[in-house]
Amino acid sequence: MIELLFVACLSTAPDQCQERSLLFTDITPMTCVMGAQPELAKWTQTHPAFTVTGWKCRSVRPGEKEA
């Protein structure tokens with residue numbers, strides 16, 4: 001499993017940020033890196049109050065993801 005982990009901040013209050021993530025089961029880490037910007041652009045279109053300030057892709061083993 002690959003996680004696209006990113007930080008989203010409120011556009012009106014840039015000091016109010018939270019970590020978010022998108023999980024993918026059928027891609028490689030390189031595919032995540034190459035496709036991250038379009039995925040994040042889609043996310044920001046559906047969450048217009050937020051701005052993405054940083055992101056990374058990482059492998060997640062089953063049971064490793066926090067609840």
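First, a word on what this report is: a plain description of the structure on this page. The structure displayed is predicted, hence computed values, not measured ones.

### Looking at the side chain of E3
Checked against the element boundaries, E3 lands in strand 1 (residues 2-10). Residue E3 is classed as buried on the basis of its relative accessible area, which comes to 1%. Within the structure, the side chain of E3 is placed 3.1 Å from the side chain of S21, a separation counted as a polar contact. In this structure the side chain of E3 is engaged in a polar contact, spanning 2.6 Å, whose partner is the side chain of R58.

### Focus: the sheet that holds strand 3 (residues 50-59)
The strands making up a sheet associate through hydrogen bonds between their backbones, and the pairing can be parallel or antiparallel. Spatially, 3 strands are ordered 2-1-3 in an open sheet, and the strand pairing comes out antiparallel. Every other strand in the sheet has two partners, leaving strand 2 (17-24) and strand 3 as the edge strands with one partner each. Taking each pair of neighbouring strands and ignoring which way they run, the sheet shows an average axis angle of 25°. Bridge analysis of strand 1 against strand 2 gives 8 bridges, and the strand direction is antiparallel. Paired with C9 across the bridge in strand 2 is C17. Its contacts with the sheet place helix 1 (residues 29-46) against strand 1, strand 2 and strand 3, and it is angled at close to 155° to strand 3.

### What to know about the nonpolar core
A general tendency of soluble globular proteins is for nonpolar side chains to be buried together. If you look at the biggest cluster of nonpolar residues, it comprises 11 residues: I2, L4, F6, A8, F24, C32, A36, L40, W43, F50 and C57. At the level of secondary structure, the elements contributing two or more residues to this core comprise strand 1, helix 1 and strand 3.

### Quick word on the packing of aromatic side chains
Within the structure shown, the criterion is met by 2 aromatic pairs. Geometrically, the ring pair formed by F6 and W43 is edge-to-face, given 5.0 Å between the ring centres and 70° between the ring planes. With F6 in strand 1 and W43 in helix 1, this residue pair connects regions lying 37 residues apart in the sequence. Here the aromatic residues F6, W43 and F50 are joined through ring pairs into a cluster of three or more. In this structure, R20 is placed above the aromatic ring of F50, and the distance from its NZ or CZ to the ring centre is 5.2 Å.

What counts as what
Residues numbered from 1 in each chain as written. Predicted model: local features only at pLDDT ≥ 70, side-chain atom pairs only at ≥ 80, totals over all residues. Heavy atoms only, no water. Helix = DSSP H or I, 4+ residues; strand = E, 2+ residues; numbered from the N terminus. Buried < 20%, exposed > 50% of the residue type's maximum accessible area, 1.4 Å probe, protein only. Polar contact = N/O pair within 3.5 Å; in protein donor to acceptor, adjacent residues only side chain to side chain. Pairing = 2+ DSSP bridges. Axes fitted to C-alpha atoms, helices over the stretch in contact; angles between N-to-C directions. Contact = heavy atoms within 4.5 Å. Core = buried A, V, L, I, M, F, W, Y, C linked by side-chain atoms within 4.5 Å. Phe/Tyr/Trp six-rings, centres within 6.5 Å; stacked < 30°, edge-to-face > 60°. Lys NZ or Arg CZ within 6 Å of the ring centre and 35° of its normal.

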